[in-house]
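Structure assessment
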Amino acid sequence: MIPRIKQAWKSRHFEPGLASLAANPYHLARTRLHKSLSIHAPSLRGRVLDVGCGSKPYAKLFSNATSYEGLDIDQPRNRERAIADHFYAGGDFPFPDESFDNVVCSQVLEHVFDPDRFCAELARILIPGGKLLLTVPFIWDEHEQPWDSRRYTSFGLRDLMEKSGFKVLVQEKLLIGYPAIVQLIQARLQKGRLGMLQQLPGKFPRLLEFSNAPLNLLGELIQALPTSDSDLYLDNFLLLERKHSNA
């Protein structure tokens, strides 16, 4: 029972559930991302590459893939973590043309300072007809400074991907309207919590994490209400297909 509880607590950072609702300051955003990814990930089979894989938080969603490999920036920290299978210096990806059947790239494009080249590489390593699952923020605070480049509207992102050789199959706006505002408030409060966590002794830092619960619950309740507001939202989600050369 204890190992199961520990695993549930560890998974709260990216997976939906009671532990996430209670203690994850990014519960609303990541729950919505997980939901959309989980719907489409099972259809991605064959050799799958996770570009900017980080800790590979969504690896379990791609159980239908023949292989699931991660690519990340070649930095000492990433090498020490030993999670990524491949590394690159931020330019061309270290693979021949048409190496992968499908690609996933989640919350990475906003950190890319040369998006045209990056998206061209995403297309190059995919087989014609291969799928790309892409998520990228529309509204978020600056983070991982100074490696934070830009934000994308739904229209700008579609234009970029179509010019890069992709066909848009599915496009969604995630966390729409007031729940997005609740998540942004929660993220700002987390900045203050991090300072407090460093000063509290013993188990108090862990208890402080439960102060996330009220706003998370409020956001969930608001999401259940019908809305026609689609102008303000947190993240973009796209399922894309690499066009054939004659398309």
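In short, a report on the structure.

Rules used throughout
- Residues numbered from 1 in each chain as written.
- Predicted model: local features only at pLDDT ≥ 70, side-chain atom pairs only at ≥ 80, totals over all residues.
- Heavy atoms only, no water.
- Salt bridge = Lys/Arg side-chain N within 4 Å of Asp/Glu carboxyl O.
- Helix = DSSP H or I, 4+ residues; strand = E, 2+ residues; numbered from the N terminus.
- Buried < 20%, exposed > 50% of the residue type's maximum accessible area, 1.4 Å probe, protein only.
- Patch = residues over 30% accessible without salt bridge, like charges linked within 9 Å, V, L, I, M, F, W, Y side chains within 5 Å.
- Areas by Shrake-Rupley, 256 points an atom, 1.4 Å probe, with all protein chains shown as cover.
- Polar contact = N/O pair within 3.5 Å; in protein donor to acceptor, adjacent residues only side chain to side chain.

**Quick look at the pattern of salt bridges**
Applying the stated criterion across every chain yields a total of 13 salt bridges. A salt bridge links Arg124 to Glu121; the shortest N-O distance between them is 2.8 Å. Placement of the pair is Arg124 and Glu121 together in helix α5 (residues 115-124), with a separation of 3 residues, close to one helical turn. Residue class for Glu121 comes out buried when judged on its relative accessible area of 7%. One salt bridge in this structure joins Glu162 and Arg158, with 3.3 Å as the shortest N-O distance. Taken together, the positions of Glu162 and Arg158, both in helix α6 (residues 154-163) and 4 residues apart, correspond to about one turn of that helix.

**A few points about a nonpolar patch on the surface**
Together, Tyr178, Ile181, Ile185 and Leu189 make up a nonpolar patch on the protein surface, roughly 390 Å² of accessible area in all. Relative to the helices and strands, Ile181 is located in helix α7 (residues 178-197). Residue class for Ile181 comes out partly exposed when judged on its relative accessible area of 34%.

**Describing the environment of Lys173**
Topologically, Lys173 is positioned in strand β6 (residues 166-176). For Lys173, a relative accessible area of 27% translates into the label partly exposed. Once the C-alpha coordinates of Lys173 and Asn236 are considered, the two residues, 63 residues apart in sequence, prove to be 5.1 Å apart. Only 2.9 Å separates the side chain of Lys173 from the backbone oxygen of Ser230, close enough to count as a polar contact.

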